[in-house]
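Survey of secondary and tertiary structure
Chain by chain, the residues:
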Amino acid sequence: MEQIDTIVVGAGVAGLTAARLLARAGRRVVVLEARDRVGGRVCTDRADGLVTDLGASWIHGVTANPVAAAAEAFGLPTVEFTVGGYQPDSRPIAYYGPTGERLGDDAARAFADDVRAVDAALVTAVAASKADASYRHVTETALASLGWDDDRAERVREFLQHRSEEQYGAWIEDLAAHGLDDDVIDGDEVVFSHGYDQLPGHLAAGLDIRFDQVVTRVRWSTEGVTVTTGNGTLTADNAVVTVPIGVLQSADFIIEPALPEPNAGALGRLTMNAFEKVFLRFPTKFWDDGVYAIRQQGPESRRWHSWYDLTALHETPTLLTFAAGPVAREIRTWTEEQVVDSILGQLRRLYGARVEQPIRVDITAWQDDPFARGSYAYMKLGSTTADHDDLATPIGGVLHLAGEATWTDDPATVTAALCSGHRAASNILRQEIPIAEVWAD
């Protein structure tokens, strides 16, 4: 029988980080990956010679960020492209009012000030909220405290609703009041000019990774772990399971015995989102120069409200928009033509006949990916930020859960995935490993 010290389930950034550190420590490690590639929800398309990150795109804040440090150490070029956590300004944003007219500078500045005023009031509202309060509840509390007229309040209400969708792919009434507590970004944000998949590619170097291995069952006891795939079973002293929350909660992935507390309770209070990207490449650039984002206000913004200009990144006129929360579920069965027609219909309200048909469209489908079942996790009503770390509590001394959903400080990011993999390896080795070992030669 093959002798293995650790089985790592999943060759995403969390799994590769754990495997890399354990292998460097001399452990015999096998990584089982259901796909035919590494990276998991880091996925780069290079069709037509263009780089398109269909999964993770940004390093959200490079200051003291291990992903940024790894990228630099591996020599991966990045470009500054700061999103700012769906902020109302800080980058050139073209705002269009409910009737489709562009707001003047003074009106846009006044609106941004209104958003900041509500954000300040939200601090108190969130702190005073109950465990089962939604983000909608605390935003309404914050808005009411300011005593604004209906139209003024409605514009900011829309913005906060879109923020919850774009940040977590969740409807504002489904997201816990504390669900955006981690929405803090230190330093510039950057993207990978040659593709984010270069990072997992470097992390995977030299590892024993076995592809097309769909894990269906993980049995654990204090004596060790047995992992079952469609190709047989493997036994090891311990295992690191890094599958997304959507897979972990599914009937297709069984852990026996069932997860104990606090893992089980934490898992039940988290869920996968619905969040898809739509890239549209055009023959010419019909929108205004010097604009980082285009945002539409009013009832017409329900489906499509924000477009980001990626022209400088892709060397061709390109807009990126997101289908998030209810909209992502709504368009799930739409054809590409239906999605494009819907988006262009909104753009024509702003730019009229200048809007052209795109020459290429990319629409992601993470909800329908059996190895993801969504883009990333968010906190349901009744959850707390501690649920992320509680989910990663070592089980029986042999089973360790890792991934973006298991890291409290910055969940739903590649940074969280990397840090959680580092923690799992440290727990197995029973010593704190310097995180710089992840990218050391």
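The following refers to the structure shown. The shown structure was predicted, so the numbers you read here are calculated from the model rather than taken from an experiment.

Observations regarding the overall build of the protein chain
For the protein chain, the count of helices and strands is 13 helices and 21 strands. On C-alpha atoms alone, the protein chain measures out to a radius of gyration of 22 Å, which is about the 22 Å that the 2.2 N^0.38 rule sets for 441 residues. When each of the 441 residues of the protein chain is scored for burial, the buried share is 59%. Sequence separation of 24 or more characterises 74% of the internal contacts of the protein chain that already satisfy a separation of 6 or more. Per element, the accessible surface of the protein chain, about 17,400 Å² overall, is 50% carbon and sulfur.

Remarks on the sheet that holds strand E5 (residues 58-59)
The strand order across the open sheet formed by three strands is E5-E8-E6, and the pairing between neighbours is antiparallel. Sheet topology places E5 and strand E6 (78-80) at the edges, where each strand pairs with a single neighbour. In this sheet, strand E8 (residues 190-192) lies alongside E5 in antiparallel orientation, the contact comprising two bridges. Looking at E8, one finds that Ile59 is bridged to Val190.

Focus on the sheet that holds strand E17 (residues 306-309)
Paired through their backbone hydrogen bonds, the strands of a sheet run either parallel or antiparallel. One open sheet holds the six strands; their spatial order is E7-E16-E17-E18-E15-E19, and the pairing between them is mixed. Strands with a single pairing partner mark the edges of an open sheet, and in this sheet they are strand E7 (93-96) and strand E19 (360-363). Taken pair by pair, the neighbouring strands of this sheet meet at an average axis angle of 20°, ignoring direction. With four bridges joining them, E7 and strand E16 (residues 293-296) adopt parallel strand pairing. Counterpart to Tyr95 in the pairing with E16 is Arg295. Sitting on the sheet, helix H11 (residues 336-351) touches E7, strand E15 (275-281), E16, E17, strand E18 (318-324) and E19, and the angle it makes with E16 is about 85°.

Side note on the pattern of salt bridges
For the coordinates displayed, the defined rule picks out 32 salt bridges. Between Arg332 and Asp368 there is a salt bridge, and its shortest N-O distance comes to 2.7 Å. With a gap of 36 residues between them, Arg332 in the loop between helix H10 (326-330) and H11 and Asp368 in the loop between E19 and strand E20 (377-379) connect regions that are remote in the sequence. Bridged by salt links that share partners, the residues Asp45, Asp48, Arg360 and Asp362 form one connected network.

A look at helix H5 (residues 150-168)
With 19 residues, H5 extends 27 Å between its outermost C-alpha atoms, agreeing within 8% with the 27 Å of an ideal straight helix rising 1.5 Å per residue. For H5, the tally of buried residues reaches 14 of 19 residues, placing the bulk of the element in the interior. The residue sitting at the N-terminus of H5 and contributing the capping side-chain oxygen is Asp149; that oxygen lies 3.2 Å from the backbone nitrogen of Asp151. At the C-terminal side of H5, Gly169 shows a positive phi close to 60°.

Things to note about the environment of Phe371
One can find Phe371 in the loop between E19 and E20. When its relative accessible area of 30% is taken as the criterion, Phe371 is described as partly exposed. Residues Phe371 and Gly40, 331 residues apart in the sequence, show an inter-C-alpha distance of 8.2 Å. Every residue in contact with Phe371, bar those within four places of it in the chain, is listed here: Ala34, Arg35, Val214, Pro244 and Val247.

A look at H11
Residues lying three or four places apart along an α-helix face the same way, a consequence of the helix completing one turn every 3.6 residues. For H11, which comprises 16 residues, the first-to-last C-alpha distance of 22 Å matches the rise-based estimate of 22 Å (1.5 Å per residue) to within 8%. Listed as buried for H11 are Val339, Val340, Ser342, Ile343, Leu344, Gln346, Leu347, Leu350 and Tyr351. One or two steps after H11, the chain reaches Gly352, where phi turns positive at roughly 60°.

Some words on the pairing of E16
Burial of the side chains of E16 extends over both faces: Ala293 and Arg295 are buried on one face and Ile294 and Gln296 on the other. With three bridges joining them, E16 and E17 adopt antiparallel strand pairing. Opposite Ile294, over in E17, you have Trp307 as the bridge partner.

Points about the packing of helix H1 (residues 13-24) against helix H13 (residues 414-429)
At a closest axis distance of 7 Å, the pairing of H1 and H13 adopts a crossing angle of 35°. The handedness of the crossing between H1 and H13 is right-handed. Mapping the contact onto sequence places Val13, Ala14, Thr17, Ala18, Leu21 and Leu22 in H1 and Val414, Ala417, Leu418, Ser420, Gly421, His422, Ala425, Ile428 and Leu429 in H13.

Examining the pairing of E18
Remark: a regular strand shows side chains that alternate across the two faces of the sheet. Buried residues dominate E18, accounting for seven of its seven residues. Residues Thr318, Leu320, Phe322 and Ala324 line one face of E18 and the alternating positions Leu319, Thr321 and Ala323 line the opposite face, and both faces are buried. Strand direction decides the pairing type here: E15 and E18, joined by seven bridges, are antiparallel. By the bridge assignment for E18, Arg281 is matched with Thr318. When E17 meets E18, the two strands line up antiparallel, connected through three bridges.

Rules of the game
Residues numbered from 1 in each chain as written. Predicted model: local features only at pLDDT ≥ 70, side-chain atom pairs only at ≥ 80, totals over all residues. Heavy atoms only, no water. Helix = DSSP H or I, 4+ residues; strand = E, 2+ residues; numbered from the N terminus. Rg over C-alpha atoms; globule rule 2.2 N^0.38 Å. Buried < 20%, exposed > 50% of the residue type's maximum accessible area, 1.4 Å probe, protein only. Contact = heavy atoms within 4.5 Å. Areas by Shrake-Rupley, 256 points an atom, 1.4 Å probe, with all protein chains shown as cover. Pairing = 2+ DSSP bridges. Axes fitted to C-alpha atoms, helices over the stretch in contact; angles between N-to-C directions. Salt bridge = Lys/Arg side-chain N within 4 Å of Asp/Glu carboxyl O. Expected span 1.5 Å × (residues − 1). Polar contact = N/O pair within 3.5 Å; in protein donor to acceptor, adjacent residues only side chain to side chain. Left-handed = near helix turned anticlockwise from the far one by under 90°.

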